[in-house]
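Reading the structure
Okay, here's what each chain looks like letter by letter:
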Amino acid sequence: MVSADLQRRVNGSEPALKNVGYALMLVGMMIIVAAFVIGIALGLSTADLFENSKSVRDSAAVGDSILSQQGTIAATAAWLTPFKFIGLSSFLGGIGIMLLVIINSLKLRGEAMLQSLPIILGIDQKSAE
Amino acid sequence: MALQTVTVPVRNLDAIRSGKENATSMTAMQTMASKMWKVLLVMGFMIVAVSFIIGIFNGIAIGEFFGETKAVREASPNYENFGTVQAVVAWLPGFKLFGVGLMLGGITMTLATILGNLRVAGANVQAALGAEVKLPIPPTIAKVFPLMMMMGVMTLLAVFGIGVWLSGLAGDVYGNAISDVSAAPAGSALLADIGTINAVKAWLTPMEFLGMAFLFTGITLALATIVTVLRFQASRLVEIAAEKTA
């Protein structure tokens, strides 16, 4: 007879850890999409900045909007790359968790084989021992 | 929520038990994936390797460019093929990531092949045990992950295409003497091109990551499908054992 515990586990809802994997995947996707949108905004700002000649850009005084724009572009580019890698890390974390859930599922299937096959094949477990 | 199943009729039990026939076959997508995964992995690796070699040659060219003083470098048009160097810099990252994308696509197809083998082996075991052959109807995630993989590869291909277009612009701009590039006046075509190169680069890198994100989403969903199938197989064995004892 297959144990009640095994029956409950194979017929129950999918492991909660799988939802953590999904959550990490979604967080990763949101970060990457946000980075892409910020990249588009950065591109527009860069195009706007390059309407000024290099001499104008280089001679921008403190408090000047061109200098502030250059600062914003450089500062955003500096944190945008690590931000994108946080998104990728989140994906990789999700993949790692899914692999862990696969290991657990393989163990569960092994248990199911161990308990079910002797019954299905009609093997007396006690005499086999 | 329990998976919906479909029952497959067993035609030739002896042939299934002797391993000459299968109780069912892989789906069309799984069959295609089982043939394509090696091709994608090899093509992807070759692209990455070629990118590395091109990168070495471009590095040598950059080294030669810096073998002269700033005044000399900036005064001559296309000094030491600087335009070509900048053109290569524009398309090479996209090309390299397209190679990585193909490799990730190959991994996704390997996972689809694993799913196909689980399907066939699961059906064979059920038939060999003399039970009804029940197969799970593919859940939504199983249908979505190949689409995610394709979207990822297409996005990276688009990035590469944009990089090739940008390389033409970069070659033209940096084929001029750097002093002329630096002195481009407001409203000139040269300054507009410089602006375009910098603006496109600002969003092209996040777009590369977007392509990678699609591919990683595909891989995650493929792994989640494997979990679902493994759990279905465990529950089916317990179900068959319960039928035998009933």
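Just above, that's the structure.
Everything in this summary refers to the structure shown in the same document. These numbers were taken from a predicted model, which means no experiment stands behind them. (Residues numbered from 1 in each chain as written. Chains lettered and ligands numbered in written order. Predicted model: local features only at pLDDT ≥ 70, side-chain atom pairs only at ≥ 80, totals over all residues.)

This part covers the overall build of chain B. When you go through chain B residue by residue, the secondary structure sums to 7 helices and 2 strands. Beginning at the N terminus, the succession of helices and strands in chain B can be written as β-α-α-α-α-β-α-α-α. Since a compact globule built from 246 residues should have a radius of gyration of about 18 Å, the 27 Å found for chain B marks it as more spread out than a globular shape. Dimensions along the principal axes, computed over C-alpha positions, put chain B at roughly 90 × 35 × 20 Å. (Helix = DSSP H or I, 4+ residues; strand = E, 2+ residues; numbered from the N terminus. Rg over C-alpha atoms; globule rule 2.2 N^0.38 Å.)

Counting residues in hydrophobic clusters, the biggest one holds 78 residues, and the most contacted among them are Ile32(A), Ala213(B), Ala222(B), Leu223(B) and Ile226(B). Secondary structure elements with two or more residues in this core: α1 (4–11), α2 (16–49) and α4 (65–121) of chain A together with α2 (28–65), α4 (82–128), α5 (140–174) and α7 (189–245) of chain B. With 30 residues, α7(B) is the single largest residue contributor to this core. Setting aside its immediate chain neighbours within four residues, Ile226(B) contacts Ile102(A), Leu111(B), Ile114(B) and Leu115(B). One finds Ile16(B), Ala127(B), Val133(B) and Leu135(B) within the second-largest nonpolar core, a separate group that totals 6 residues. (Core = buried A, V, L, I, M, F, W, Y, C linked by C-beta atoms within 7 Å. Buried ≥ 20, exposed ≤ 12 C-beta atoms within 10 Å, placed from the backbone. Contact = placed C-beta atoms within 7 Å.)

It is worth spelling out α4(B) at this point. Residue and element names in this part refer to chain B. End to end, α4 covers 69 Å across 47 residues, agreeing with the expected 69 Å (1.5 Å per residue, within 8%). Along α4, the sharpest kink reaches roughly 35 degrees, centred on tryptophan 91 and followed within four residues by the proline proline 93. Following α4 by one or two positions, glycine 130 adopts a phi angle in the positive range, close to 80 degrees. (Expected span 1.5 Å × (residues − 1). Bend = angle between axes of the 7 residues up to and from the residue.)

This paragraph deals with the environment of Ile86(A). Residue placement: Ile86(A) occurs in helix α4. Along the primary structure Ile86(A) and Leu108(A) are separated by 22 residues, whereas in three dimensions their C-alpha atoms are 33 Å apart.

Contacts between chain A and chain B engage 47 residues on the former and 40 residues on the latter. Listed by contribution, the elements that provide at least two residues to the side of chain A that touches chain B are α1, α2, α3 (54–58) and α4 of chain A. Residue contributions to the side of chain A that touches chain B peak at 19 residues, all from α4(A). Residues that form the side of chain A that touches chain B fall into these classes: 28 nonpolar, 13 polar and 6 charged. (Nonpolar A, V, L, I, M, F, W, Y, C, P; charged D, E, K, R; others polar.)

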